[in-house]
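Given next are the chains, with one letter for each unit.
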Amino acid sequence: MSRSSSRTSLVALVGAATALAVLTACGGSGADDAAPGSDGKPVSITFWGWAKGSKEVVDAFNASHQDIKVVYEEIPSGNAGGYAKISNAVKAGNAPDLVSIEYPQLPEYVSQGALQDIGRYFTEDIRKKLLPQAVELTTLGGRNWAVPFDASPQSFYYRKDLFEKYGVQVPRTWAEFRKAAEKVKKADRNARIGTFFPDDPTTFQAMAWQAGAQWFKAEGDTWKVDTTDPATGKVADYWQGLLDDDLVRANASFSPEWTNSLKNGGTVGYLGAAWGAGVLKGTLPEQSGKWAVAPMPSWDGRPASGMLGGSTFAVTKTSRKAKAAVEFATWMATTEDGVKARIESGTSSAFPAAAGLRPVAKKYFDASFYGGEDIYRVFEDAAASIGPDWTWGPTTGTTNTVLKDRFGEVASGGTTLEDAVAAGHDATVAEMKRRGLKVEDAG
């Protein structure tokens with residue numbers, strides 16, 4: 001990413017922090033009675049997550065550390081029930097010490113007072129190892145709320161063998177993507193180039209981000225909200241056209257239907273993120289050597305990307321072991337051993353927020369599934385093209401719940417993407433006002 005883009009991004013994110021300052025006052029603050037292992041006994045912490053390779057990382061940490069013992073519980077991915085489980089545990093007072101939270105959801109948890117400020121343990125020595133933009137996304141109201149783990153630039157995965165069989169060129173633009181979709185369907189009436197995920201608003205949001213949308217903008221203590229801007233409208237119209245013309249599938253993300261369509265060649269492409277490389281590799285081992293990775297199509301052919309997900313590690317408000325939890329989180333995110341353990345598991349293609357560890361990730365990721373292609377080079381280029389002006393708002397849960405419900409209706413023909421996005425906008429503004437936030441409705 002260019003220096004000018006970095007500066008623009010930081011300004012935007014700092015502005016968001018200003019608007020969140022009043023919310024972060026309610027954030028929890030646990031207390032540590034002693035440093036890890038100071039009484040001669042290891043400190044035991046609990047960690048909930050779902051990212052691929054997490055168990056292997058915990059095992060490696062426990063094998064190499066005597067002062068801290070990590071007890072890991074795998075929970076469903078965030079939007080598949082993981083966030084509900086975390087929220088319920090926080091409300092019930094029995095939350096784990098450390099949880100996985102993606103960047104889009106972090107402001108929501110901070111505003112609800114579910115997390116504690118880890119600034120006293122998240123030192124400058126740690127921060128300087130990480131992508132500044134990732135640090136800023138976890139810095140709200142001038143406080144540090146999570147340890148960034150990965151970045152998640154968009155990528156296009158495709159069946160290289162079938163593209164060659166059907167005579168389809170890898171699309172560089174969205175116009176070319178539609179033509180490629182038409183060619184795939186013409187070559188095999190049962191095949192489609194990709195999938196619209198009605199259960200996953202984050203994929204649509206990443207595409208809006210890529211197109212230049214700015215759903216939230218912080219100006220002083222006021223949130224300016226516009227999820228129906230021209231860039232978003234362009235994305236909605238485009239995907240509505242693909243759905244109307246039956247050029248893409250409409251399956252729930254990572255569902256049996258989606259997986260089976262990949263296995264039988266009924267779906268020959270996947271619009272995902274850097275972490276998707278590990279997902280495909282783990283899901284379709286029998287197709288090793290048949291897949292390839294390309295940059296995300298863009299509107300004008302020039303490199304452009306949003307971010308699709310991306311993980312952080314946050315300490316819950318009730319934990320009294322924040323020091324140990326942050327030490328473990330930092331080990332996962334900023335050490336060669338931590339990244340090696342995750343990538344070497346064979347299931348993760350995480351793109352570390354710690355730029356110095358990306359060569360480590362590349363070294364330990366077995367790229368034979370992608371014909372030995374340097375997929376991390378694709379990720380690096382995509383990361384450099386991430387739009388700098390996107391900010392996440394404090395009511396992501398409400399926004400995504402409404403979008404998910406309405407996108408399901410779109411898939412069945414009951415409404416349109418344009419109307420679904422408008423409904424999400426109205427619900428977002430209403431919820432922000434209900435919480436007492438100052439809102440300028442720009443929709």
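Summary of the structure given here. This structure is a prediction, so every number in the text was calculated from the model and none was measured.

## A closer look at the sheet that holds strand S1 (residues 43-49)
And step 1. Here we have five strands laid out as an open sheet, ordered S2-S1-S3-S15-S6, and mixed in their pairing. Across the chains shown, the open sheet's two edge strands, defined by having one partner strand only, are strand S2 (68-74) and strand S6 (147-148).
And step 2. Here S1 runs beside S2; their pairing, made up of seven bridges, is parallel. Pairing of Ser 44 across the sheet is with Lys 69, part of S2.
And step 3. Its contacts with the sheet place helix H2 (residues 54-64) against S1 and S2, and it is angled at close to 165 degrees to S2.
And step 4. Of the strands in this sheet, S1, S2, strand S3 (98-102), S6 and strand S15 (311-315) touch helix H13 (residues 322-334), which is tilted by about 55 degrees from S1.

## Focus on the sheet that holds strand S14 (residues 291-295)
And step 1. An order of S13-S8-S14 is seen for the three strands of this open sheet, with the pairing classed as antiparallel. Sheet topology places strand S13 (269-273) and S14 at the edges, where each strand pairs with a single neighbour. Strand-to-strand twist of the sheet, defined as the mean angle between neighbouring strand axes without regard to direction, takes the value 30 degrees.
And step 2. With five bridges joining them, strand S8 (residues 154-159) and S14 adopt antiparallel strand pairing. In the strand pairing of S14, Tyr 158 is matched with Ala 292.

## Looking at a negative patch on the surface
And step 1. There is a patch of like negative charges on the surface, built from Glu 219, Asp 426, Glu 440 and Asp 441.
And step 2. Looking at the secondary structure, you find Glu 440 in strand S17 (residues 438-441).

## A short note on the packing of H2 against H13
And step 1. Orientation of H2 relative to H13, taken along the N-to-C sense of each, is 115 degrees, at an axis distance of 11 Å. For H2 against H13, the interelement crossing comes out right-handed. Residues Val 57, Val 58, Ala 60, Phe 61 and Ser 64 of H2 form the contact with H13, whose own contacting residues are Phe 328, Trp 331 and Met 332.
And step 2. Considered class by class, the residues forming the contact of H2 with H13 number seven nonpolar, one polar and no charged.

## Notes on the packing of helix H9 (residues 201-210) against helix H17 (residues 396-411)
And step 1. Close contact between H9 and H17 brings their axes to 9 Å; oriented N to C, the two are set at 105 degrees. For the element pair H9 / H17, the angle class is roughly perpendicular. Within the contact between the two elements, H9 uses Pro 201, Thr 202, Phe 204 and Gln 205 and H17 uses Thr 399, Asn 400, Leu 403, Lys 404 and Phe 407.
And step 2. Here the residues of the contact of H9 with H17 sort into four nonpolar, four polar and one charged.

## Some details on the packing of aromatic side chains
And step 1. Scanning the model with the defined rule gives 40 aromatic pairs in all.
And step 2. Ring plane angle 40 degrees and centroid distance 6.4 Å describe the contact between Phe 196 and Trp 239, whose orientation is recorded as tilted. Taken together, the residues span a long stretch of sequence, with Phe 196 in strand S9 (residues 195-196) and Trp 239 in helix H10 (residues 230-244) at a distance of 43 residues.
And step 3. In this structure Phe 196 comes out as buried when scored by relative accessible area, which is 6%.
And step 4. For Trp 239, a relative accessible area of 2% translates into the label buried.
And step 5. An angle of 55 degrees between the planes, with centres 6.2 Å apart, marks the rings of Phe 254 and Trp 275 as tilted. Of this pair, Phe 254 sits in the loop between strand S12 (249-250) and helix H11 (256-263) while Trp 275 sits in the loop between S13 and helix H12 (276-283); the two residues are 21 residues apart in sequence, bridging distant segments of the chain.
And step 6. Overall, the relative accessible area of 27% leaves Trp 275 in the partly exposed class.
And step 7. One aromatic cluster is present, formed by Phe 156, Tyr 158, Phe 163, Trp 174, Phe 177, Phe 196, Phe 204, Tyr 238, Trp 239, Trp 299 and Phe 407 through successive ring pairs.
And step 8. Sitting over the ring of Trp 48, Lys 85 keeps its end group 4.9 Å from the ring centre.
And step 9. The ring of Phe 365 is capped by Lys 281, whose NZ or CZ atom sits 4.6 Å from the centre of that ring.

## Looking at the pairing of S3
In summary, the side chains of a regular strand alternate between the two faces of the sheet.
And step 1. Judged by how many residues are buried, S3 sits mostly within the fold: five of five residues are covered.
And step 2. Burial of the side chains of S3 extends over both faces: Leu 98, Ser 100 and Glu 102 are buried on one face and Val 99 and Ile 101 on the other.
And step 3. Sheet topology note: the S1/S3 ladder contains two bridges and is parallel. When the bridges of S3 are listed, Trp 48 appears paired with Val 99.
And step 4. In the sheet, S3 pairs with S15 via five bridges, with the strands oriented antiparallel. Within S15, the position partnered with Leu 98 by the bridge is Val 315.

## Observations concerning the side chain of Glu 108
And step 1. Inspection of the secondary structure puts Glu 108 in helix H4 (residues 106-111).
And step 2. You can call Glu 108 buried: its relative accessible area is 8%.
And step 3. Among the polar contacts listed, one links the side chain of Glu 108 to the backbone nitrogen of Thr 396, at a separation of 2.8 Å.
And step 4. Within polar-contact distance, the side chain of Glu 108 engages the side chain of Arg 435 at 3.0 Å.
And step 5. In this view, Glu 108 contacts Pro 394, Thr 395, Thr 396, Gly 397 and Arg 435; residues no more than four positions away in its chain are not counted.

## Some words on helix H3 (residues 82-92)
And step 1. Looking at H3, one finds that the buried residues are Gly 82, Tyr 83, Ile 86, Ser 87, Ala 89 and Val 90. Buried residues of H3, seen end-on, are gathered within an arc of 165 degrees and therefore sit on one face of the element. Turned more than 90 degrees away from the buried face of H3 sit Lys 91 and Ala 92, all of them exposed.
And step 2. Of the surrounding elements, those touching the buried residues of H3 are S1, S3 and H4.
And step 3. Gly 93 occupies a position one or two residues after H3 and carries a positive phi of about 80 degrees.

Reading guide: rules and limits
- Residues numbered from 1 in each chain as written.
- Predicted model: local features only at pLDDT ≥ 70, side-chain atom pairs only at ≥ 80, totals over all residues.
- Heavy atoms only, no water.
- Pairing = 2+ DSSP bridges.
- Helix = DSSP H or I, 4+ residues; strand = E, 2+ residues; numbered from the N terminus.
- Contact = heavy atoms within 4.5 Å.
- Axes fitted to C-alpha atoms, helices over the stretch in contact; angles between N-to-C directions.
- Patch = residues over 30% accessible without salt bridge, like charges linked within 9 Å, V, L, I, M, F, W, Y side chains within 5 Å.
- Areas by Shrake-Rupley, 256 points an atom, 1.4 Å probe, with all protein chains shown as cover.
- Salt bridge = Lys/Arg side-chain N within 4 Å of Asp/Glu carboxyl O.
- Lys, Arg positive; Asp, Glu negative; His and termini not counted.
- Charge placed at Lys NZ, Arg CZ, Asp CG, Glu CD.
- Left-handed = near helix turned anticlockwise from the far one by under 90°.
- Nonpolar A, V, L, I, M, F, W, Y, C, P; charged D, E, K, R; others polar.
- Parallel < 35°, antiparallel > 145°, perpendicular 65-115°, else oblique.
- Phe/Tyr/Trp six-rings, centres within 6.5 Å; stacked < 30°, edge-to-face > 60°.
- Buried < 20%, exposed > 50% of the residue type's maximum accessible area, 1.4 Å probe, protein only.
- Lys NZ or Arg CZ within 6 Å of the ring centre and 35° of its normal.
- Polar contact = N/O pair within 3.5 Å; in protein donor to acceptor, adjacent residues only side chain to side chain.
- Arc of directions from axis to C-beta.

Geometry only, nothing functional implied.
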